[in-house]
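# Residue-level structural notes
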Amino acid sequence: SQIWVDVDRSEGPRRGAVYLLCAVDPPLGDPLDVRLARSDDGGATWSAPVTVVADDRRSYQWFPTLAVAPDGRVDVAYVDVADPAAPELGRVMFTSSHDGGATFSAPIAVSPVFDSHVGWPVEQSKLGDYYHMVSREDGATLAFAATMNGGQDMWVAHIGASPCPP
C-alpha cells in the first residue's frame, strides 16, 4: 500500500518527530496490518514499528492514511475488513494517538460497511486508493473512496466535534 509520512509541527515535546505509516503483511498468517514508526532525529533512525490496531481476527486493514494535528495528535484512518471470511467487505475506521504513536484510541467507524469489489472487473479494476486526511485541533477531515452508493464514489467525513469547514 502507499506510504504516508507526516511531521509533528506542534510546540509540544515531540516537535520535529517524523511519522511513517503503511500497511504491511506481517509474519504468522495475519494478512495485512497498519503499522507506524517514528523518527526523532530527522529520519536517521526509526522506532520499532507499532501495530496501530491490535487485531486477533487475522483480517485485512488497508489504505491507511496519516495526518498530524497542530497539537501533535497523530490521526490514522484505514479500511478494516468487517468479516475475515469476506475480505471484500470493509468500512473506514479512525483512531488517534496523544503519545507520539505509542498507543492509540479505540477505533471508531467513519463509514458503513461497503463492498470494495462493486463494479469489478467490468467498470473498474479495483477500488481506487484515493485517500487524504487533514488534521486540525478540532478533529480530522478525511476524503476517501468507497462503494456505498453502488459505484465508486468519493466521500468526505469530518471526525471531531465541529462540522466540516466550508
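Residues numbered from 1 in each chain as written. Predicted model: local features only at pLDDT ≥ 70, side-chain atom pairs only at ≥ 80, totals over all residues. Heavy atoms only, no water.

### Here's the deal with the overall build of the protein
The secondary structure content of the protein amounts to zero helices and twelve strands. Traced from its N-terminal end to its C-terminal end, the protein shows the element sequence β-β-β-β-β-β-β-β-β-β-β-β. Of all intrachain contacts in the protein linking residues separated by at least 6 positions in sequence, the fraction that spans at least 24 positions is 41%. Of the roughly 8,300 Å² that the protein leaves accessible, carbon and sulfur atoms contribute 58%. (Helix = DSSP H or I, 4+ residues; strand = E, 2+ residues; numbered from the N terminus. Contact = heavy atoms within 4.5 Å. Areas by Shrake-Rupley, 256 points an atom, 1.4 Å probe, with all protein chains shown as cover.)

### Considerations on the sheet that holds strand β10 (residues 132-136)
Picture the strands of a sheet paired through backbone hydrogen bonds; they go either parallel or antiparallel. Strand order in the open sheet formed by three strands is β10-β11-β12, and the pairing between neighbours is antiparallel. Edge positions in the sheet fall to β10 and β12 (153-160), since each has one partner strand and no second. Adjacent strand axes in the sheet meet at a mean angle of 15°, parallel and antiparallel pairs treated alike. As defined by bridge partners, β10 adjoins strand β11 (residues 139-146) across five bridges and the pair is classed as antiparallel. Its bridge partner lying in β11, methionine 133 is registered against leucine 142. (Pairing = 2+ DSSP bridges. Axes fitted to C-alpha atoms, helices over the stretch in contact; angles between N-to-C directions.)

### Remarks on the packing of aromatic side chains
Each aromatic ring pair is characterised by the separation of its centres together with the angle its planes make. Applying the stated criterion across every chain, the model contains three aromatic pairs. Between the aromatic rings of tryptophan 62 and phenylalanine 63, the centroid separation amounts to 4.8 Å while the plane-to-plane angle is 70°, which identifies the pairing as edge-to-face. Like tryptophan 62, the residue phenylalanine 63 is buried in the burial classification. Ring geometry for phenylalanine 63 versus tyrosine 131: centroids 5.1 Å apart, planes at 55°, classification tilted. Of the two residues, phenylalanine 63 sits in strand β5 (residues 61-68) while tyrosine 131 sits in the loop between β9 (114-115) and β10, which places them 68 residues apart along the sequence. Residues phenylalanine 63 and tyrosine 131 agree in their burial class; the two are buried. A connected cluster of aromatic rings, assembled from ring pairs, spans Trp62, Phe63, Tyr131 and Phe144. (Phe/Tyr/Trp six-rings, centres within 6.5 Å; stacked < 30°, edge-to-face > 60°. Buried < 20%, exposed > 50% of the residue type's maximum accessible area, 1.4 Å probe, protein only.)

### Describing the confidence of the model for the protein
In the predicted model, the protein carries a mean pLDDT of 88, and 89% of its residues have values of at least 70. Element-level mean pLDDT values for the protein span from 91 in β12 up to 97 in strand β1 (residues 4-7). (pLDDT = per-residue confidence, 0-100.)

### Considerations on the side chain of threonine 95
You can see threonine 95 is positioned in strand β7 (residues 89-97). Reaching out from threonine 95, the side chain makes a polar contact with the backbone oxygen of serine 105 at a distance of 2.6 Å. Apart from the residues within four sequence positions on either side, threonine 95 is in contact with Val52, Val74, Asp75, Val76, Tyr78, Phe104, Ser105 and Pro107. (Polar contact = N/O pair within 3.5 Å; in protein donor to acceptor, adjacent residues only side chain to side chain.)

### What about the pairing of β5?
Judged by how many residues are buried, β5 sits mostly within the fold: eight of eight residues are covered. By the bridge criterion, six bridges tie β5 to strand β6 (residues 74-81) in an arrangement that is antiparallel. Within β6, the residue paired with leucine 66 across the bridge is valine 76. Adjacent in sequence and paired antiparallel, β5 and β6 are bridged by five residues, among which glycine 72 carries a positive phi angle near 95°.

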